[in-house]
Amino acid sequence: MKSGRRKFLQQAGLGLAATGAAGLVLRADARPTLAVTAEEVGRVLIQMGAMPKEAMTAKGELKKITPMSYGPFYKPGSPFRGKLCTMGEAGTPFVLTGRVWAFDTKRPIAGAVLELWHVDTQEKYSDGVNDFRNRGRLISSETGAYEVEGIRPIPYRPNASGAPDFWRCAHFHLLAVSPGYKPLVTEIHFQGDPRKSDPMYRPENAIAVEKREINGKSFETGVFDIVLERDPGSK
Ligand SMILES: [Fe+2]
């Protein structure tokens, strides 16, 4: 194995058998992963409201919609798998890796359930009923690591007909759950996103993207570590 490839595999969370969890300690300056607040989600939902743009402008008031912390496109029951898209899915192949950490102990969390969902290249989410494209759940490994393969999400217009100028920055939605820790609902953004004027864009949550080629197959990859906070209500 060439050293470059080995280095990538280690960075990508592959080949973990030789690493083990014992030597892993969260870096001292790490902070809990930033969540998406209900207020921010509410702002998006207002933009997505069914009211025509003219009506909103004329009355000067926005339709209030109950915030949903998971966003409007979350669907329960997506399959457990490490590949989010179907074979031949249009888009740039993307490998997302990272590790789940406990903020209190600074140790990796094994067995955390992670759920990801994102748009396709048509700016659409699968319906999450019969079609689970670009949705999936997986479990962090014994060293807290995770890795999923799919396509890179693109910026999209949540309400292309009603608010055609309102763009969301590209993102993976992420839900992370582990007993004893606060469930985390957030988004993974991309450094250099052309739509980072989106008010929900968070530089702290933005990953660097690297282009890679292995065995003649090119893809992009990024690392997003997830830091969970202890739930004070749990024992
Ligand atoms: Fe979204």
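All values reported here derive from a predicted model rather than from experimental measurement.

(A) Looking closely at the overall build of the protein. Looking only at helices and strands, one finds 3 helices and 10 strands in the protein. Listing every helix and strand of the protein by position from the N terminus yields α-α-α-β-β-β-β-β-β-β-β-β-β. When burial is assessed residue by residue, the protein has 31% of its 235 residues classed as buried. In the protein, 71% of the contacts between residues at least 6 apart in sequence involve partners at least 24 apart.

(B) Inspection of the sheet that holds strand β6 (residues 184–190) at higher detail. Judged by pairing direction, the sheet is mixed, and its 5 strands sit side by side in the order β3-β2-β5-β6-β7 without closing on themselves. Looking at which strands have only one partner, the edges of the open sheet turn out to be β3 (135–139) and β7 (206–207). Both strand β5 (residues 172–177) and β6 contribute to a ladder of 5 bridges, which runs antiparallel. Pairing of Ala176 across the sheet is with Leu184, part of β6.

(C) Looking closely at the nonpolar core. Among the nonpolar cores identified, the biggest contains 36 residues, and Val100, Leu116, Ala176, Ile226 and Leu228 are the most heavily contacted of them. Of all the secondary-structure elements, those providing two or more residues to this core are β1 (93–102), β2 (113–117), β4 (145–151), β5, β6 and β10 (226–228). In terms of residue count, β1 provides more of this core than any other element does, 6 residues in total. Those residues within four positions of Leu228 in sequence are excluded, and the remaining contacts are Val100, Ala102, Phe103, Ile109, Ala176, Ser178, Tyr181, Lys182 and Leu184.

(D) Structural context of unusual backbone geometry. In this model, Asn134 sits at a positive phi of 60°, which is unusual for a non-glycine residue. Considering the arrangement of structural elements, one finds Asn134 in the loop between β2 and β3. The backbone of Asn215 shows a phi angle near 50°, a positive value even though the residue is not glycine. Its place among the elements puts Asn215 in the loop between β8 (210–214) and β9 (217–223). Looking at Asn215, the number of C-beta atoms within 10 Å reads 5, which means it is exposed.

(E) Quick look at the pairing of β1. Most of β1 is tucked away, with 8 of its 10 residues classed as buried. Direction of pairing for β1 relative to β4: antiparallel, over a ladder of 7 bridges. Looking across to β4, one finds that Gly98 is bridged to Tyr146. Relative to β9, β1 runs parallel, the two being bridged by 4 bridges. The residue of β9 that forms the bridge with Thr97 is Val223. In the sheet, β1 pairs with β10 via 3 bridges, with the strands oriented parallel.

(F) Region of the structure containing the pairing of β2. Extensive coverage of β2 is indicated by the burial of 4 of its 5 residues. Pairing between β2 and β5: 5 bridges, direction antiparallel. What sits directly across from Trp117, in β5, is His173.

(G) A look at the environment of Thr92. Mapped onto the secondary structure, Thr92 falls in the loop between α3 (53–59) and β1. Between the alpha carbons of Thr92 and Pro153 there is a distance of 8.6 Å; along the sequence they are 61 residues apart. With near-sequence residues (within four places) excluded, Thr92 lies in contact with Ile151, Arg152 and Glu220.

(H) Examining the environment of Ala22 more closely. With respect to the secondary-structure elements, Ala22 resides in the loop between α1 (3–11) and α2 (38–48). Residue classification places Ala22 among the exposed positions, given that 8 C-beta atoms sit within 10 Å. Considering only alpha carbons, one finds Ala22 and Thr143, 121 residues apart in sequence, at a separation of 8.4 Å.

(I) Geometry of the confidence of the model for the protein. Residues of the protein with pLDDT of at least 70 account for 78%, and the chain-wide mean is 83. Below a pLDDT of 50 lies the segment residues 8–17, which in the model reaches 18 contacts outside its immediate sequence neighbourhood of four places, other chains included. Confidence drops under pLDDT 50 across residues 50–68; counting only partners more than four residues distant or on other chains, this segment forms 18 contacts.

About the criteria used
- Each chain carries its own residue numbering, running from 1 in the written order of its sequence.
- A pLDDT threshold of at least 70 governs which residues receive local features in this predicted model, and a stricter bar of 80 or more applies before side-chain atom pairs are shown or counted, although totals over entire chains, interfaces and linings include all residues.
- Helix numbers and strand numbers start at the N terminus; a helix is a DSSP run of H or I with at least 4 residues, a strand a run of E with at least 2.
- Around each residue's C-beta, the other C-beta atoms within 10 Å are counted; 20 or more make the residue buried, 12 or fewer make it exposed, and counts in between make it partly exposed. All C-beta atoms are placed from the backbone.
- By the criterion used throughout, residues are in contact when their C-beta atoms, derived from the backbone, lie within 7 Å.
- A pair of strands is considered paired only if DSSP assigns at least 2 bridges between the two.
- Note on definitions: a nonpolar core is a set of buried residues drawn from Ala, Val, Leu, Ile, Met, Phe, Trp, Tyr and Cys, linked by C-beta atoms within 7 Å.
- The score called pLDDT rates the predictor's confidence residue by residue, from a low of 0 to a high of 100.

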